[in-house]
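Okay, here's what each chain looks like letter by letter:
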Amino acid sequence: MPSNLPQDIVLAIKSVVGDAPLALHEPRFNGNEWTYLKECLDSTFVSSVGKFVDRFEDDLANFTGARRAVAVVNGTAALHVSLLLAGVKSGDEVLLPALTFIATANAVAYCQATPHFVDSEDRSLGMDAVALRDYLSGTTEMRSGQCINRGTGCVIRAMVPMHTFGHPVDIDALLAIAYDFHLHLIEDAAESLGSTVAGRHTGTFGLMGTLSFNGNKTITTGGGGAILTNDIELGKRAKHITTTAKLPHRWHFVHDEVGYNYRLPNLNAALGCAQLEQLPDFLRNKRRLFEQYQAAFAEVHGVHLVAEPAGCRSNYWLQTLLLDESHADQRDAVLAATNDAGLMTRPIWALMNRLPMYANAPKAPLPVAESLEQRVINIPSSSGLGSVAP
Ligand SMILES: *Cc1c(COP(=O)(O)O)cnc(C)c1O
């Protein structure tokens, strides 16, 4: 009998998560969420100041090992401010993977800078360090200590690797490139809360790292984000310009630069504190779900589950199927069959260079990103799924 890959995939997923309809990723609120939110309401501290903001920042720093965490309204704002603080300005270029969520590219555009797209690798789905070093060696030159794109004449100021679906990129190799080419490195760790490289938390390797607590992420504050840094002065600067750059005073309104109203409200931070308490549980559940899916897919030919790179721990935020190249033409049939069966699945993002506003941005050859774009499918990934499966 000829095998029917879309149906085989539906059956493999159902063997782990059961027959009920499932979203791709749903939040879980089984901890102190109601208690902390009630405390906010009872105290009237629902907005821009309150004890949960400070506590959430401390808890995040403790969990990640960063010296400072600054809570902000969302992950996009965290990226925007990190790029500004890294000195990214009008006319600069910033290297980032073509295969990422739109926020990474938009944050660069908010600085009047230009995203410069580079290729990804199969292993982590993130920036390919080997291809990047080759590419920069062939297309840039150093002038007065700055990395210049010979094609455009612009300064390449920074790079923003992203840890795709929680799988850590080859951060050591990228840090070495950043050092050699005089680039600031900012990690988009929006998807990788709980993921580590050699025991160290993603988002703590570069000058700054950014997190997101959007509703679909590993933990949620409704909407929210954070900036991580080990540089205490930068942390202070981040807090200052995300809170309207107001100088502390009992009644005067003195702002010493153009700041942003990017602070996270206390209500959202309260949710974050409760969610963070459950994060170790979520991570255990997600790892177990990965193992169960991996077992279920062992006998399905033409597709495999993306596993954490060697030496790394992934948070397994979104479970990821990768079709073999020989089966890439089946992707849309798989998406249709799974969604028809009530199992929400999604392809990966369209490459950034295909979008109208970034179509003319500079880019490296993107053979791997173009292949991955056709072959990735995310399957139901909420924490708590699969626990009662055989
Ligand atoms: C979620 C996400 C962000 C930030 O998103 P917000 O919705 O602004 O919090 C940034 N980059 C990536 C890769 C993301 O997945």
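Here, every reference points to the structure presented above.
This one's a predicted model, so the numbers in the text were calculated from it and none came from an experiment.

## Things to note about the site of the ligand
Taken together, 15 residues lie near the ligand, and Gly 75, Thr 76, Glu 191, Ser 212 and Lys 217 sit nearest. Between the ligand and Glu 191, the relevant distance is 2.5 Å, taken from an oxygen atom to a side-chain nitrogen or oxygen of the residue. Within the side chain of Ser 212, one N or O atom sits 2.6 Å away from an oxygen atom of the ligand. Its free accessible area being 380 Å², the ligand has 92% of it covered by the protein chains. Listing elements by their share of the shell around the ligand, those giving two or more residues are helix 4 (75–85) and helix 5 (102–110). Taken together, the residues of the shell around the ligand break down into 4 nonpolar, 8 polar and 3 charged.

## Comments concerning unusual backbone geometry
Non-glycine residue Ser 144 carries a positive phi angle of around 45°. Position of Ser 144 relative to the elements: it lies in the loop between strand 4 (140–143) and strand 5 (146–149). Given a relative accessible area of 75%, Ser 144 falls into the exposed group.

## A look at helix 2 (residues 33–43)
Every buried residue of helix 2 is listed here: Glu 33, Tyr 36 and Cys 40. Along helix 2, the residues classed as buried sweep out an arc of 85° about the axis, all on the same side. Away from its buried face, by an angle of more than 90 degrees, helix 2 presents the exposed residues Trp 34, Lys 38, Leu 41 and Asp 42. Contact partners of the buried residues in helix 2: helix 3 (51–64) and helix 9 (266–297).

## Digging into the pattern of salt bridges
Scanning the entire structure with this criterion turns up 19 salt bridges. Asp 281 is the salt-bridge partner of Arg 284, the closest N and O atoms lying 2.8 Å from each other. Of this pair, Arg 284 and Asp 281 both sit in helix 9, 3 residues apart, roughly one helical turn. Exposure remark for Arg 284: the relative accessible area of 54% places this residue in the exposed category. For Arg 331, the salt bridge identified is with Asp 332, shortest N-O distance 3.1 Å.

Here is what the cut-offs are and how they apply
- Residues numbered from 1 in each chain as written.
- Predicted model: local features only at pLDDT ≥ 70, side-chain atom pairs only at ≥ 80, totals over all residues.
- Heavy atoms only, no water.
- Near = heavy atom within 4 Å.
- Polar contact = N/O pair within 3.5 Å; in protein donor to acceptor, adjacent residues only side chain to side chain.
- Areas by Shrake-Rupley, 256 points an atom, 1.4 Å probe, with all protein chains shown as cover.
- Helix = DSSP H or I, 4+ residues; strand = E, 2+ residues; numbered from the N terminus.
- Nonpolar A, V, L, I, M, F, W, Y, C, P; charged D, E, K, R; others polar.
- Buried < 20%, exposed > 50% of the residue type's maximum accessible area, 1.4 Å probe, protein only.
- Arc of directions from axis to C-beta.
- Contact = heavy atoms within 4.5 Å.
- Salt bridge = Lys/Arg side-chain N within 4 Å of Asp/Glu carboxyl O.

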